[in-house]
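Each chain is listed here by its residues.
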Amino acid sequence: GNSVTQMEGPVTLSEEAFLTINCTYTATGYPSLFWYVQYPGEGLQLLLKATKADDKGSNKGFEATYRKETTSFHLEKGSVQVSDSAVYFCALVYGQGGKLIFGQGTELSVKP
Amino acid sequence: GAGVSQSPSNKVTEKGKDVELRCDPISGHTALYWYRQSLGQGLEFLIYFQGNSAPDKSGLPSDRFSAERTGGSVSTLTIQRTQQEDSAVYLCASSPQMSFGETQYFGPGTRLLVL
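Everything numeric in this text was worked out from a predicted model, so none of it was measured. (Residues numbered from 1 in each chain as written. Chains lettered and ligands numbered in written order. Predicted model: local features only at pLDDT ≥ 70, side-chain atom pairs only at ≥ 80, totals over all residues. Heavy atoms only, no water.)

1. Concerning the overall build of chain B
Next, step 1: Of regular secondary structure, chain B possesses zero helices and 10 strands.
Next, step 2: In chain B, the succession of helices and strands from N to C terminus is β-β-β-β-β-β-β-β-β-β.
Next, step 3: Relative to its length of 115 residues, chain B is compact, with a C-alpha radius of gyration of 13 Å against a globular reference of 13 Å.
Next, step 4: Dimensions along the principal axes, computed over C-alpha positions, put chain B at roughly 40 × 30 × 25 Å.
Next, step 5: Within chain B, buried positions represent 49% of all 115 residues. (Helix = DSSP H or I, 4+ residues; strand = E, 2+ residues; numbered from the N terminus. Rg over C-alpha atoms; globule rule 2.2 N^0.38 Å. Buried < 20%, exposed > 50% of the residue type's maximum accessible area, 1.4 Å probe, protein only.)

2. Some details on the sheet that holds strand E7 (residues 56-59) of chain A
Residue and element names in this part refer to chain A.
Next, step 1: Spatially, four strands are ordered E3-E9-E8-E7 in an open sheet, and the strand pairing comes out antiparallel. Strands with a single pairing partner mark the edges of an open sheet, and in this sheet they are strand E3 (19-21) and E7. When strand polarity is set aside, the average angle formed by the axes of neighbouring strands in this sheet is 15°.
Next, step 2: In this sheet, strand E9 (residues 75-77) lies alongside E3 in antiparallel orientation, the contact comprising three bridges. For Leu 19, the partnering residue across the bridge sits in E9 and is Lys 77. (Pairing = 2+ DSSP bridges. Axes fitted to C-alpha atoms, helices over the stretch in contact; angles between N-to-C directions.)

3. Section: the pattern of salt bridges
Next, step 1: A complete count under the given rule lists seven salt bridges over all chains for this structure.
Next, step 2: Across the pair A:Lys56 and A:Glu63 runs a salt bridge, and its minimum N-O distance is 3.6 Å.
Next, step 3: B:Asp86 is the salt-bridge partner of B:Arg64, the closest N and O atoms lying 2.8 Å from each other. With B:Arg64 in the loop between strand E5 (42-50) and strand E6 (65-69) and B:Asp86 in the loop between strand E7 (75-79) and strand E8 (88-95), this residue pair connects regions lying 22 residues apart in the sequence.
Next, step 4: B:Asp86 gets classed as buried once you look at its relative accessible area, which sits at 1%. (Salt bridge = Lys/Arg side-chain N within 4 Å of Asp/Glu carboxyl O.)

4. Some thoughts on the nonpolar core
Next, step 1: With 27 residues, the main nonpolar core has A:Trp35, A:Leu47, A:Leu48, A:Phe73, A:Leu75 and A:Tyr88 as its most contacted residues.
Next, step 2: For this core, the secondary-structure elements that each account for two or more residues are strand E2 (11-14), E3, strand E4 (23-26), strand E5 (32-38), strand E6 (44-50), strand E8 (62-65), strand E10 (86-93) and strand E12 (106-111) of chain A.
Next, step 3: Take this core: its biggest share by element is four residues, from E10(A).
Next, step 4: Counting 20 residues, the second largest nonpolar core, distinct from the first, contains B:Phe65, B:Ala67, B:Leu77 and B:Tyr90. (Core = buried A, V, L, I, M, F, W, Y, C linked by side-chain atoms within 4.5 Å.)

5. Section: the state of the cysteines
Residues and elements named next belong to chain A.
Next, step 1: Applying the stated rule across the entire model yields two disulfides over all chains.
Next, step 2: The disulfide that involves Cys 23 links it to Cys 90, with 1.9 Å between the sulfurs. Torsion about the S-S bond of the Cys 23 and Cys 90 cystine: about -70°, corresponding to left-handed handedness. Taken as a pair, Cys 23 in strand E4 and Cys 90 in strand E10 lie far apart in primary sequence, 67 residues in all.
Next, step 3: Accessibility expressed as a relative area gives 0% for Cys 23, which makes it buried. (Disulfide = S-S within 2.5 Å.)

6. With respect to a nonpolar patch on the surface
Next, step 1: A cluster of nonpolar side chains, B:Val12, B:Leu113 and B:Leu115, forms an exposed patch at the surface whose accessible area comes to about 280 Å².
Next, step 2: Of note, B:Val12 is situated in strand E2 (residues 10-13). (Patch = residues over 30% accessible without salt bridge, like charges linked within 9 Å, V, L, I, M, F, W, Y side chains within 5 Å. Areas by Shrake-Rupley, 256 points an atom, 1.4 Å probe, with all protein chains shown as cover.)

7. Remarks on the pairing of strand E4 (residues 31-38) of chain B
Residues and elements named next belong to chain B.
Next, step 1: For E4, the tally of buried residues reaches eight of eight residues, placing the bulk of the element in the interior.
Next, step 2: Two elements, E4 and E5, share eight bridges in a ladder whose sense is antiparallel. Across the sheet, the residue bridging to Ser 38 is Gly 42, located in E5.
Next, step 3: Here E4 hands over to E5 after three residues, the two strands then running antiparallel side by side.

8. What to know about the packing of aromatic side chains
Next, step 1: Going through the model one piece at a time under the given rule, you end up with 13 aromatic pairs over all chains.
Next, step 2: Ring geometry for A:Phe102 versus B:Tyr35: centroids 5.8 Å apart, planes at 85°, classification edge-to-face. A residue pair is termed interchain when its members come from two chains, as with A:Phe102 in strand E11 (residues 101-102) and B:Tyr35 in strand E4. Both residues of the pair, A:Phe102 and B:Tyr35, belong to the buried class. (Phe/Tyr/Trp six-rings, centres within 6.5 Å; stacked < 30°, edge-to-face > 60°.)

9. Details of the interface of chain A and chain B
Next, step 1: Residue-level contacts link 20 residues of chain A with 17 residues of chain B.
Next, step 2: Counting across the interface, chain A meets chain B through zero salt bridges.
Next, step 3: In this assembly, chain A and chain B are joined by four residue pairs in polar contact (both at pLDDT 80 or more).
Next, step 4: Those elements that provide at least two residues to the side of chain A that touches chain B are E5, E6 and E10 of chain A. (Contact = heavy atoms within 4.5 Å. Polar contact = N/O pair within 3.5 Å; in protein donor to acceptor, adjacent residues only side chain to side chain.)

Quick look at the structure:
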């Protein structure tokens, strides 16, 4: 079946450090891929997405590239800020809309 | 515009009681989803509705769980005879339509605690 695996957290970084959160997926066919973020005390919100192979999603300095050959969608940011502290979820949707399948989430804590 | 709203924001109930959770999707969105977020299970899909089509109930964990969507808008998730393992945050999401790559917009959730 379809599934998403993320690197385990928590991840603790200093401000301005480089961030990578690994995400790999298993799916039949070609899913759409998403990163959602949950800031403390807030709801889930879309960070970025990619709908086909080699697409790059980007938002707020974060980037992720849809790699079909490695079935990956790793999240990166060149210089994190304290305000990036949150839980990040990688997810996929297969086919015409339908249910999101989430990874287990990765908690990021950025220290000043 | 207004986002997805859910009520109540918090619900404490006793084991064995029934609860109803409400979701108001973004106006005009035809697709509506329910998910559950719990410590042990992470984020799990429960059910979705798309227009007048039959809902996909494949994620409902037991027959104690049911949901309906009236008039293509508001949805209610009902849990009968609640158990302690039902304690979780229940999230509702909506999207403009159910097409490839469509973004789902989430509400703030209802935090359910079963004592």
